[in-house]
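Structural overview
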Amino acid sequence: MAEPNSTFKPIKPKLKPKPRTPKQTPESKYWSSFKTHQIPDLISSITSLTFSPSPPYPFAATHSTSLKIFNPQTLSPSSTISSFSDVVSSASFRCDGLLIAASDLSGLIQVFDVKTRTPLRKLRSHTRPVRLLKYPLHDKLHLISGGDDAVVKYWDVASETPLLELLGHKDYVRCGDFSPVSHEMCVTGSYDHTVKLRDVRVTGSKTVMEVNHGKPVESVVFLPSGGLVATAGGNSVKIWDFIGGGKMVYSMESHTKTVTSVCVGRVGKENVEEGREHRVLSVGLDGYMKVFDYGRMKVTHSMRFPAPLMSIGFSPDCGVRVIGSSNGVMYVGKRKTKEENVESGLRSFWSLGVEEERRVMRPSYFRYFHRGQGDKPKEGDYLVMRPKKVKLAEHDTLLKKFRHKEALVLVLGNKNLENVVAVMEELVARRKLLKCVENLDNEELGLLLIFLQKYSTVPRFSGLLMGLTKKVLEMRVEDIRGSEALKGQIRNLKRSVEEEIRIQHSLQELQGIISPLLRIAGRG
């Protein structure tokens, strides 16, 4: 008589190890979706990266004595400007994307036509290298500059004259940004550790507000609301509330070396509300790019690059992320646009349609009745579902027949850790494990004690096996006292447990020594 169908399935251990790498969050998947391309051979360190505010959002990179403008679709240089006598340090597009200003270490600032590369204006006033150059977001006539002479200048570009000289910094001025809500407000950061908020409408050198970052300031950027400012210096990125009187909101100290540049990126999603979520992107000399969610005050993504990083930029359409390194290599991350996805989808749809039309089979064809298992069923086909026969191991077969003790002794003899634990868990679920232990003879009990001595301290299974060890000692104490072989196995079990306790105490001592050092390093 055939055996009736059973729902019994092969047993597996439930205590699975936790993965070492955490599961990727949706945001990590988003940032990882930027496929990285390398643009090598830019000779020297890439000191500045800036995107045009107008479509198709080309980006400019400064390196050595050149300024290169790249096409964001092909990632190839569309033009190169080389009319500089010294190393180019900074660049900025005008709000309409038609002009670009660039400065060099001689102190000269030049304004170029993007299409023709013609120099239109030359601004001479700084006596030392110029490191800061920025156009306002909604102003075509002015820009600010700052340099190693510790002076910030507000220029009328058309007349090539500085309208204001903003003093107050006591060391090199290295960075600055205009407010996204007012083209009269700007912030400047200096190696004197301070960040100053300035209003160009105020005469003289008065500062509207000042905050102290605590380290030389390498980069500063306004966040989209216009009330928050992110500053980078040392190994920290700090968020300041300038509307709230210059209060520090948070300090992100995730980098291990100097943070060299920060910018604002947007999580570009289909949903409009989610698309408004902005992030602070930072890069540093440790080779890491960090994505910081300043709404939830946490780092949401991190990426490692093989060289110290000097600059970062993010396109306004969320399609391109550019990182410049100290060895002249640019790492460009590019996402497919919606149009490219639709176009590739249409191409695959039409090619699939043509292929299906060519390969279609009918019941009148010989091939129709000789299709293999690899063929997918078509509409109208009748599917015959054959249940797969489950192949059971020997211990599974014994458990299926409720021969519990035999199953336990079998896996103990085979010495397979996973199978032994799986059978024990099944017996616990059936409330038969202690009954099996009680019925073991001395030889079988010896097998169990050898197994416990070997594996009871394995962290994955210690909770189950240490509890079982205690029960075995309570239940079979008389049998153990009457057998020298069992006494020797108990002594071995005691030694292994004492050794594990000694190791755990040593690890706790090491943790106590290392934890304060890590806290000190994090604050530094």
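Below is a short write-up of the structure. In this text the structure is predicted, and so the values were computed from the model without any measurement.

Criteria and thresholds
For every chain, the first residue of its written sequence is number 1, and the numbers climb from 1 along that sequence. This being a predicted model, a pLDDT of at least 70 is required before a residue's local features are given, and a value of 80 or more before pairs of side-chain atoms are given or counted; all residues contribute to the totals for chains, interfaces and linings. To obtain the side-chain values, all non-hydrogen atoms of the structure were included, while hydrogens and water were left out. Patch definition: residues with relative accessible area over 30% and no salt bridge; like charges joined within 9 Å; nonpolar side chains (Val, Leu, Ile, Met, Phe, Trp, Tyr) joined within 5 Å. Accessible areas in this description were obtained via Shrake-Rupley with a 1.4 Å probe; residue shielding takes into account the shown protein chains only. Salt bridge, as used here: a side-chain nitrogen of Lys or Arg that lies within 4 Å of a carboxyl oxygen of Asp or Glu. Comment: elements are numbered from the N terminus, with helices defined as DSSP H or I runs of at least four residues and strands as E runs of at least two. Any two strands between which DSSP finds at least two bridges are classified as paired. In this analysis an axis means a line fitted to C-alpha atoms, helices contributing only their contacting stretch, and an angle means the value between N-to-C directions, from 0 to 180 degrees. Here's how the labels work: a residue is buried when its accessible area is under 20% of the maximum for its type, exposed when over 50%, partly exposed in between, all with a 1.4 Å probe on protein chains only. By convention, a stacked pair of Phe, Tyr or Trp rings (six-membered ring in the case of Trp) has centres within 6.5 Å and planes under 30 degrees apart, an edge-to-face pair has planes over 60 apart, and any other such pair is tilted. Two conditions define a charge sitting above a ring: the NZ of Lys or the CZ of Arg must be within 6 Å of the ring centre, and it must be within 35 degrees of the ring normal. Angles are sorted into four bins: roughly parallel if under 35 degrees, roughly antiparallel if over 145, roughly perpendicular if 65 to 115, and oblique for all others. Note on convention: near helix rotated counterclockwise from far helix by under a right angle means a left-handed crossing. Clockwise means right-handed. Residue contacts follow a heavy-atom distance rule, with two residues in contact if any of their heavy atoms lie within 4.5 Å. Side-chain classes follow a simple rule in which Ala, Val, Leu, Ile, Met, Phe, Trp, Tyr, Cys and Pro form the nonpolar group, Asp, Glu, Lys and Arg form the charged group, and the remainder, Gly included, forms the polar group. By convention a nonpolar core is built from buried Ala, Val, Leu, Ile, Met, Phe, Trp, Tyr and Cys residues, the set being connected through side-chain atoms within 4.5 Å. Counted as a polar contact is a pair of N or O atoms within 3.5 Å, where, for protein atoms, one must be capable of donating a hydrogen and the other of accepting one, and residues adjacent in sequence contribute only when both atoms are in side chains.

A separate point is a nonpolar patch on the surface. On the surface, a nonpolar cluster with roughly 770 Å² of combined accessible area is contributed by Ile503, Leu507, Leu510, Ile513, Ile514, Leu517, Leu518 and Ile520. One can find Ile513 in helix 11 (residues 484–523).

Looking now at the sheet that holds strand 19 (residues 228–233). Pairing in this open sheet of four strands is antiparallel, and the strands run 18-19-20-21 from one edge to the other. Edge positions in the sheet fall to strand 18 (217–222) and strand 21 (247–252), since each has one partner strand and no second. Direction aside, the axes of adjacent strands within the sheet are offset by 20 degrees on average. Here six bridges tie strand 19 to strand 20 (residues 236–241), and the two strands are oriented antiparallel to one another. Its bridge partner being in strand 20, Ala232 is matched across the sheet by Val237.

Most of strand 7 (residues 99–104) is tucked away: six of the six residues are buried. Because side chains alternate across strand 7, one face comprises the buried residues Leu99, Ala101 and Ser103, and the other comprises Ile100, Ala102 and Asp104, equally buried. For strand 6 (residues 88–93) and strand 7, the ladder comprises five bridges, and the chain directions are antiparallel. Each residue of the ladder has a partner; that of Phe93, found in strand 7, is Ile100. Of the pairings in the sheet, the one linking strand 7 to strand 8 (residues 108–113) comprises five bridges and is antiparallel in character.

We now examine the packing of aromatic side chains. Under the criterion given, the structure shown has twelve aromatic pairs. Seen from their ring centres, Phe59 and Phe70 are 5.2 Å apart, and the 10 degrees between their planes marks the pair as stacked. Of this pair, Phe59 sits in strand 3 (residues 59–63) while Phe70 sits in strand 4 (residues 66–70); the two residues are eleven residues apart in sequence, bridging distant segments of the chain. Take Phe59: its relative accessible area is 1%, and that puts it in the buried class. Using a relative accessible area of 1% as the deciding quantity, one classes Phe70 as buried. Chaining the aromatic ring pairs together yields one cluster made of Tyr30, Trp31, Phe34 and Phe314. If you follow Lys290 out to its NZ or CZ, it ends over the ring of Tyr288, 4.7 Å from the centre. In this arrangement the basic side chain of Arg335 is found over the ring face of Phe34, its NZ or CZ atom lying 5.7 Å from the centre.

The subject of this paragraph is the pairing of strand 5 (residues 77–81). Regular strands have side chains that alternate between both faces of the sheet. Here four bridges tie strand 4 to strand 5, and the two strands are oriented antiparallel to one another. Among the inter-strand pairings, Lys68 is bridged to a residue of strand 5, identified as Thr80. Taking the residues between adjacent antiparallel strands as the criterion, strand 4 and strand 5 are bridged by six residues, where Leu75 takes a positive phi near 60 degrees.

With that settled, consider the packing of helix 6 (residues 417–430) against helix 8 (residues 442–455). What describes two packed helices is the angle between their axes and the distance between those same axes. Between helix 6 and helix 8, whose axes approach to 12 Å, the crossing angle comes to 110 degrees. As judged from the angle between their axes, helix 6 and helix 8 are roughly perpendicular. Along this stretch, helix 6 crosses helix 8, giving a crossing that reads as left-handed. Residues Leu417, Val420 and Met424 of helix 6 form the contact with helix 8, whose participating residues are Leu448, Phe451 and Tyr455. Its residues placed into classes, the contact of helix 6 with helix 8 shows six nonpolar, no polar and no charged.

Once that is clear, we can look at the nonpolar core. Counting 31 residues, the largest nonpolar core has Leu408, Met424, Leu448, Phe451, Leu468 and Val472 as the members making the most contacts within it. Breaking this core down by element, the ones donating at least two residues are helix 4 (394–400), helix 5 (404–414), helix 6, helix 7 (433–439), helix 8 and helix 9 (462–475). It is helix 6 that contributes the most residues to this core, seven residues altogether. In this structure, Leu281, Val291, Ala307 and Leu309 belong to the second largest nonpolar core, which totals 19 residues.

Another point: the sheet that holds strand 10 (residues 130–134). Within the open sheet, the four strands sit side by side as 10-11-12-13. Their pairing is antiparallel. Each of the sheet's edge strands pairs with one partner strand only, and the pair in question is strand 10 and strand 13 (161–166). Neighbour to neighbour, the strand axes of the sheet diverge by 25 degrees on average, direction disregarded. Relative to strand 13, strand 12 (residues 152–156) runs antiparallel, the two being bridged by five bridges. Across the sheet, Trp155 pairs through a bridge with Pro162, a residue of strand 13.

This part takes up the side chain of Ser182. Relative to the assigned elements, Ser182 resides in the loop between strand 14 (173–178) and strand 15 (185–190). Among the polar contacts made by the side chain of Ser182, one reaches the side chain of Glu184 at a distance of 3.1 Å.

Another point: unusual backbone geometry. Across the junction of Pro55 and Pro56, the peptide omega takes the value 0 degrees, indicating a cis bond. Turning to its location among the elements, Pro56 is positioned in the loop between strand 2 (46–51) and strand 3. In this structure, Ser64 is a non-glycine residue whose phi angle is positive, near 50 degrees. Within the element layout of this structure, Ser64 appears in the loop between strand 3 and strand 4. Unlike most non-glycine residues, Arg431 shows phi in positive territory, near 60 degrees. The class for Arg431 is exposed, based on a relative accessible area of 77%.

Okay, the side chain of Ser28 next. Inspection of the secondary structure puts Ser28 in helix 1 (residues 26–32). Beyond its immediate chain neighbours, meaning those up to four positions away, Ser28 contacts Thr300 and His301.

What follows deals with the pattern of salt bridges. This model, assessed by the stated rule, comprises 21 salt bridges. Each of Glu27, Glu277, Arg279, Asp293 and Arg296 takes part in one network of salt bridges that share partners.

This part is about the environment of Val329. Along the chain, Val329 falls in the loop between strand 27 (320–325) and strand 28 (330–334). Overall, Val329 belongs to the buried group, its relative accessible area being 12%. Distance in space between the C-alpha atoms of Val329 and Leu309 is 9.6 Å, their sequence separation being 20 residues. Those residues in contact with Val329 that sit more than four places away from it in its chain are Gln38, Ile39, Pro40, Ile46, Ile323 and Gly324.

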